[in-house]
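The lines below spell out each chain.
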Amino acid sequence: MTATLPNPSRRDQLRARKNGAVQSVVRVALPSKGMEEQTLEFLANCGMKVSRPNPRQYRATIPALAGVEVLFQRATDVFAKVAEGSVDLGITGYDIVREHEREDDGVVMLEKALGYGSCALVLAVPEGWIDVSSVTDVAEITAEFRRRGRDLRVATKYPNLSRQFLFDNGINYYTIVESSGALEAAPALNAADVIVDLVSSGVTLRENRLKRVAGGTIVESQACLIGNRAALRDNPDKLEIARQVLELIEAQMRSRDYYSLTGNIRGDSPEAVARRVTSHTEVAGLRGPTISKVYPKLGGEEGWYAATVVVQSKLLVQAVDALRRAGAGDVSVAPLRYVFQAKCWSFERLCRQLNERSGDE
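Now for a description of the structure that goes with this document. (Residues numbered from 1 in each chain as written. Predicted model: local features only at pLDDT ≥ 70, side-chain atom pairs only at ≥ 80, totals over all residues. Heavy atoms only, no water.)

### A word on the side chain of serine 346
Examined against the element boundaries, serine 346 turns out to sit in helix H12 (residues 345-360). The class for serine 346 is buried, based on a relative accessible area of 2%. Not counting the four nearest positions on each side in its chain, serine 346 is found in contact with Leu110, Glu111, Leu246 and Glu250. (Helix = DSSP H or I, 4+ residues; strand = E, 2+ residues; numbered from the N terminus. Buried < 20%, exposed > 50% of the residue type's maximum accessible area, 1.4 Å probe, protein only. Contact = heavy atoms within 4.5 Å.)

What follows is the structure, given as structure tokens:
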């Protein structure tokens, strides 16, 4: 499937750009706190290092992407900025997207899991509730509260997800206590009975004498990349920047699963060496080995070839052993920076989403 959009104005806009029209500025919102350091490291690893001469500034650039302006925002505000169209792309938490998403919010998901900032939105109850270990137990407690004339009080910063979760689990008598502060203290202060909050290691819950319950995970979350649907659909410049960003992210994330191995093997010809290598499936590589002649130093032996293969990281030791059996003496191993495939699949997925929605409108 070809990743093209049916937008009739695209050809005209591309022609205008070729004729010297000014390229659009693409605004990218990054989280200013919490995930800031991880996000900057992630982008740098993907070849999109953010340049911010003064760390107190809330604006920056990405020199590798011409025409991109970076704006630092609170992670909770990134979704709203993308939805309203004041920025074109944004990185925030998947939990935030799920909390605020609507059918008509104008936000499209570009990459759901960027591989960092992992956490979970969970229901937690006081450790003192000894007989409560599951969501079913919480539902029974809620019914008991109701018989006594009051509702379960739930402290959270995620009222929408909390209401849906409680409803789905048969918990109908509750009061949401919205709070922007430290939720873990709410039960101890008698401001709430239970909490719904993000958990990563669980240490903060334990230190505040709270515990998770079975079936109480509402959303598994990590950093994600979102975009403004209309901006990407209607502006070829912005869609092209999105493609470049997705290409680099996808190829870099894929490369984490692979190593490049090179071993010198003596043989009568490149074909003979290739046959010895490919006879071991562990080092067959993505498409097969690359065989190149080794030119000996003065006085060195002739007839050596370098066999290079790319293998999955989980097969590293088996691949080294297989190269040895094929005749390799020393084997060098190098991590890969990028692994590009024939297509950028996340960009293909984005184009399908834009096409589907444009067909509905």
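### Details of the sheet that holds strand E7 (residues 152-156)
Pairing is mixed across the open sheet formed by five strands, whose spatial order is E8-E7-E9-E6-E10. Looking at strand neighbours, the two that pair on one side only are strand E8 (174-178) and strand E10 (210-221), the edges of this open sheet. Shown here is a sheet whose adjacent strand axes are inclined to one another by a mean of 25 degrees, direction ignored. Direction of pairing for strand E6 (residues 119-126) relative to strand E9 (residues 194-199): antiparallel, over a ladder of five bridges. Within E9, the position partnered with valine 122 by the bridge is aspartate 197. Strands in contact with helix H5 (residues 135-147) are E6, E7 and E10; relative to E10, the strand with the most contacts, it is inclined by about 115 degrees. Lying on the sheet, helix H6 (residues 159-168) is in contact with E6, E7, E8, E9 and E10; it crosses E8 at an angle near 165 degrees. (Pairing = 2+ DSSP bridges. Axes fitted to C-alpha atoms, helices over the stretch in contact; angles between N-to-C directions.)

### Some remarks on the side chain of arginine 254
With respect to the secondary-structure elements, arginine 254 resides in helix H9 (residues 236-255). A relative accessible area of 14% places arginine 254 in the buried class. Not counting the four nearest positions on each side in its chain, arginine 254 is found in contact with Val339, Phe340, Gln341 and Trp345.

### Describing the pattern of salt bridges
The final tally for this structure, using the stated rule, is 18 salt bridges. Residue glutamate 101 pairs with arginine 98 through a salt bridge whose shortest N-O separation is 3.1 Å. The exposure class assigned to glutamate 101 is partly exposed, which follows from its relative accessible area of 40%. For arginine 349, the salt bridge is made with glutamate 111, and the minimal N-O distance between the two is 3.9 Å. Of this pair, arginine 349 sits in helix H12 while glutamate 111 is found in strand E5 (residues 107-111), placing the two residues 238 residues apart along the sequence. The class for glutamate 111 is buried, based on a relative accessible area of 14%. It is possible to trace a salt-bridge network through shared partners that takes in Glu144, Arg147 and Arg148. (Salt bridge = Lys/Arg side-chain N within 4 Å of Asp/Glu carboxyl O.)

### A word on the packing of aromatic side chains
Under the definition given, this model contains three aromatic pairs. Measuring from ring centre to ring centre gives 5.2 Å for phenylalanine 42 and tyrosine 116, while their planes differ by 40 degrees; the resulting arrangement is tilted. Placement of the pair is phenylalanine 42 in helix H2 (residues 36-45) and tyrosine 116 in the loop between E5 and E6, with a sequence separation of 74 residues. Neither residue differs from the other here; phenylalanine 42 and tyrosine 116 are each classed as buried. One Lys or Arg, arginine 52, reaches over the ring of phenylalanine 72 and ends 3.9 Å from the middle of that ring. The ring of phenylalanine 145 is capped by arginine 150, whose NZ or CZ atom sits 4.0 Å from the centre of that ring. (Phe/Tyr/Trp six-rings, centres within 6.5 Å; stacked < 30°, edge-to-face > 60°. Lys NZ or Arg CZ within 6 Å of the ring centre and 35° of its normal.)

### A look at the layout of surface pockets
Gaps left between atoms show up when a probe the size of a water molecule is rolled over them. Taken as a whole, the largest pocket spans an internal volume of roughly 900 Å³. In terms of lining residues, the largest pocket is bounded by 36 residues, among which Thr76, Asp95, Lys157, Tyr158 and Leu198 are the most central. When contributions to the lining of the largest pocket are tallied by element, the ones reaching two or more residues are helix H3 (75-84), helix H4 (94-100), E9 and helix H7 (203-207). Residue contributions to the lining of the largest pocket peak at four residues, all from H4. Of the residues belonging to the lining of the largest pocket, the class tally is twelve nonpolar, 16 polar and eight charged. (1 Å grid on protein atoms, 1.4 Å probe; cavity = no way out; pocket = protein on both sides within 12 Å on 5 of 7 lines; lining within 4 Å. Points joined across faces, edges and corners; volume = space filled by probe spheres on them. Nonpolar A, V, L, I, M, F, W, Y, C, P; charged D, E, K, R; others polar.)

### What to know about the environment of asparagine 160
Among the structural elements, asparagine 160 can be located in helix H6. Owing to a relative accessible area of 42%, asparagine 160 belongs among the partly exposed residues under this scheme.

### Some remarks on empty space enclosed by the protein
A complete count under the given rule lists one cavity of 30 Å³ or more for this structure. In this structure, the largest cavity encloses a volume near 90 Å³. Considering the residues around the largest cavity, the lining is formed by 13 residues, among which Val28, Leu43, Met48, Ile62 and Val245 are closest to the centre. Residue assignment for the lining of the largest cavity shows that the elements contributing at least two residues are strand E1 (26-31), strand E4 (89-93) and H9. Among the elements that make up the lining of the largest cavity, the one with the highest residue count is H9 (three residues). Per-class residue counts for the lining of the largest cavity are 13 nonpolar, no polar and no charged.

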